[in-house]
Amino acid sequence: MSIVVSRNTPPGSQSSLREANRARLIESLKRHGRLTQIELAGNTGLSPATVSNIVKELTASGILHTSFTSRSGRRATLVSLARQVGLVAGVHFSSRQLRIAIADATRTIVSQTTLPLAPGHRHDAELDRLAILLGDMTESLGGTVHDLLSVGVGLPAPIDPRTGMVSTPGLLPGWEGVDVAESLSARIGRPVFVDSEANLGGLAEAREGSGRAASSSVYIRVGHTISAGLIVDGDLFRGVSGKTGQIGHVTIDENGPICRCSNRGCLEMYAAGPALLALFPESEGMQRLGDLLTAAESGVGSAQRVIADAGRHIGIAAASLCNLFDPELIIVGGELAQAGEILMAPMRHALARSALAASSGLPEIVGASFGEWAETRGAIAMALDHVTLDADVIAFSA
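Given the structure is predicted, the values throughout are model-derived calculations rather than measurements.

A. Molecular detail of the environment of L276. Note on placement: L276 falls in helix α8 (residues 273–277). A residue is classified by how much of its surface remains accessible, and L276, at 1% relative accessible area, is buried. Remark: the alpha-carbon pair of L276 and S217, spanning 59 residues in sequence, is separated by 27 Å. Those residues in contact with L276 that sit more than four places away from it in its chain are Y270, A271, L292, V306, A310 and L336.

The structure is reproduced here in structure tokens:
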């Protein structure tokens, strides 16, 4: 489908109002995925009759797809964007793995892959590899990389929204001082958008996961690094330089060990993957977080204790975050979240001891809906956010 600039219509005209209503409906579907017509009316503020007319028009144009479902025992029309509208890609560079997923406009994954990353990976080699992989994946779908409407990328570091670069020195060597979106876009010729992995994990959970019903939530990602994404009314709160939510660098002990951020006693030094694995002698074979999780699941007491202690430290830091941000819900994701209650029960206990009490109670702590793919799904959501769809045009938003 061609990419063109949307036509201009006289402001205040009937045609302008109709286009505005169609855009409002499409934006709601981009944000929430699939909705019934009644839900669309509630989300957009349009009348049910107006929604019905727009749905009929855009379905006939091939922009929307309808099916039937049952809600509260009643038959309802379920509406989504049509798959043929186009493809987007979501990419997640974590500390040790690269995840790529290609989805259609309904957010249905049509292709995905996971590859290991070497410690200390650099942007140039990895972006070269990513460009090749995106080409291969789209080719396997019968197209080319130019069929991608946009690409979202998540990185394991805060991203300054003003520059598109890593905002804090020392957190991601090999990627600093680089406009990753511009660099990847030059390789593949498609629009690219970049954010931190925690922000994108939080976005996915808020849009279509555990945080969908919450007015505000915190997504805490725990793996080889620790960070958080803050969601307010379904949207990310990034702060001035993108450093919002860097809970991994909350000071736990001001006399503690030196962190990679150059401060002392940060949470990551007590609860992130490398710190936990370093507690075991080489003879126990704890080389990866997967080894630790397997041992804990098998009932190995030392592995369970290490994860529980990490949960307690994270809970104390989360209490400070709750006292400042006051979220409705805390969602825990990342590789260590696979430990489940071994991690989250101590988190709840520490939160109860350290957070200010409220009449409504403390935020609930739950696991992420999408597991290790939350950040990739968030990257897909971000990519879709930057694509403007209309009945007969597709254009990129700024």
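B. Quick peek at the nonpolar core. In terms of nonpolar packing, the biggest core is built from 40 residues, with I220, I226, L292, I314, V332, L336 and L343 touching the most fellow members. Every element with two or more residues in this core is listed here: β9 (216–222), β10 (226–232), α8, α9 (289–297), α10 (301–325), β12 (329–333) and α11 (341–354). Per element, the largest residue contribution to this core is ten residues, and it comes from α10. In this structure, I226 is in contact with I220, R221, I247, G248, L267, E268, A271, A272 and I314, ignoring residues within four places of it in sequence. Listed in part, the 36 residues of the second largest apolar core include L87, L115, L127 and L133.

C. How the structure looks around unusual backbone geometry. In the Ramachandran plot, D233 falls in the positive-phi region, its phi being about 50° despite a non-glycine side chain. Assignment of secondary structure puts D233 in the loop between β10 and β11 (235–236). D233 sits in the exposed class, given a relative accessible area of 61%. Its identity is not glycine, yet D326 carries a phi of approximately 55°, on the positive side. With respect to the helices, strands and loops of the structure, D326 is situated in the loop between α10 and β12.

D. Inspection of helix α1 (residues 14–32) at higher detail. With 19 residues, α1 should reach 27 Å at 1.5 Å per residue; the first-to-last C-alpha distance of 27 Å fits that figure. Immediately beyond the C-terminal end of α1, within one or two residues, lies G33, with a positive phi of roughly 85°.

E. Quick look at the packing of aromatic side chains. According to the stated counting rule, one finds one aromatic pair in the structure shown. A cation sits over an aromatic face here: R75 above F68, 3.8 Å from the ring centre. Above the plane of the ring of W373 lies R99, whose end atom (NZ or CZ) is 5.5 Å from the centre.

F. Geometry of the sheet that holds strand β5 (residues 97–104). Strand order in the open sheet formed by five strands is β6-β5-β4-β7-β8, with mixed pairing between adjacent strands. The outermost strands of the open sheet, each flanked by one partner alone, are β6 (109–116) and β8 (192–196). Taken over all neighbouring pairs, the strand axes of this sheet differ in orientation by 15° on average, direction set aside. Along the sheet, helix α4 (residues 123–140) contacts β4 (87–93), β5, β6 and β7 (148–155); its crossing angle with β5, the most-contacted strand, is approximately 35°. In the packing of helix α5 (residues 180–188) onto the sheet, contacts are made with β7 and β8, and the angle to β8 comes to roughly 145°.

G. Spatial organisation of α9. Within α9, burial applies to L289, L292, L293, A295 and A296. Down the axis of α9, the buried set is contained in an arc of 160°. They therefore lie on one face. Looking at the buried positions of α9, the neighbouring elements they touch are α8, α10 and α11. Once α9 finishes, G299 follows within two positions and takes phi at roughly 95°, a positive value.

H. Examining the environment of S61 more closely. Relative to the assigned elements, S61 resides in the loop between α3 (48–60) and β2 (64–71). Linking S61 and D195, residues 134 residues apart in sequence, is a C-alpha distance of 33 Å.

I. Representation of the confidence of the model for the protein chain. Across the protein chain, the average pLDDT comes to 89, with 93% of residues at 70 or higher. The low-confidence segment residues 1–9 (pLDDT under 50) makes 18 contacts with residues lying over four places distant or belonging to another chain. Ignoring residues within four places in sequence, the model shows residues 391–398, a span with pLDDT below 50, making 34 contacts including any to other chains.

J. Structural context of the sheet that holds β10. Spatially, five strands are ordered β11-β10-β9-β12-β13 in an open sheet, and the strand pairing comes out mixed. Both edges of this open sheet fall to β11 and β13 (364–367), since each of them pairs with a single strand only. Bridge analysis of β9 against β12 gives five bridges, and the strand direction is parallel. Each residue of the ladder has a partner; that of V218, found in β12, is I330.

K. Representation of the pairing of β13. Looking at chain direction, β12 and β13 are connected through four bridges and run parallel. Paired with V332 across the strands is G367, a residue of β13. Handedness of the crossover joining β12 and β13 through α11: right-handed.

L. Just the packing of α1 against α3, in detail. Viewed as axis vectors pointing N to C, α1 and α3 meet at an angle of 85°, and their least axial separation amounts to 10 Å. When the axis of α1 is compared with that of α3, the two are roughly perpendicular. Contacts between α1 and α3 pair R18, N21, R22, L25 and I26 from the former with T50, V51, I54, V55, E57 and L58 from the latter. Residues that form the contact of α1 with α3 fall into these classes: six nonpolar, two polar and three charged.

M. Just the packing of α10 against α11, in detail. Running from N to C, α10 and α11 point in directions that differ by 40°, and their axes come no closer than 7 Å. Our classification of the angle between α10 and α11 gives oblique. Crossing of α10 against α11: the hand is right-handed. Of the residues that constitute the contact of α10 with α11, the class distribution is 14 nonpolar, five polar and one charged.

What counts, and at which threshold
- Residues numbered from 1 in each chain as written.
- Predicted model: local features only at pLDDT ≥ 70, side-chain atom pairs only at ≥ 80, totals over all residues.
- Heavy atoms only, no water.
- Helix = DSSP H or I, 4+ residues; strand = E, 2+ residues; numbered from the N terminus.
- Buried < 20%, exposed > 50% of the residue type's maximum accessible area, 1.4 Å probe, protein only.
- Contact = heavy atoms within 4.5 Å.
- Core = buried A, V, L, I, M, F, W, Y, C linked by side-chain atoms within 4.5 Å.
- Expected span 1.5 Å × (residues − 1).
- Phe/Tyr/Trp six-rings, centres within 6.5 Å; stacked < 30°, edge-to-face > 60°.
- Lys NZ or Arg CZ within 6 Å of the ring centre and 35° of its normal.
- Pairing = 2+ DSSP bridges.
- Axes fitted to C-alpha atoms, helices over the stretch in contact; angles between N-to-C directions.
- Arc of directions from axis to C-beta.
- pLDDT = per-residue confidence, 0-100.
- Right-handed = clockwise from strand over helix to strand, strands pointing away.
- Parallel < 35°, antiparallel > 145°, perpendicular 65-115°, else oblique.
- Nonpolar A, V, L, I, M, F, W, Y, C, P; charged D, E, K, R; others polar.
- Left-handed = near helix turned anticlockwise from the far one by under 90°.

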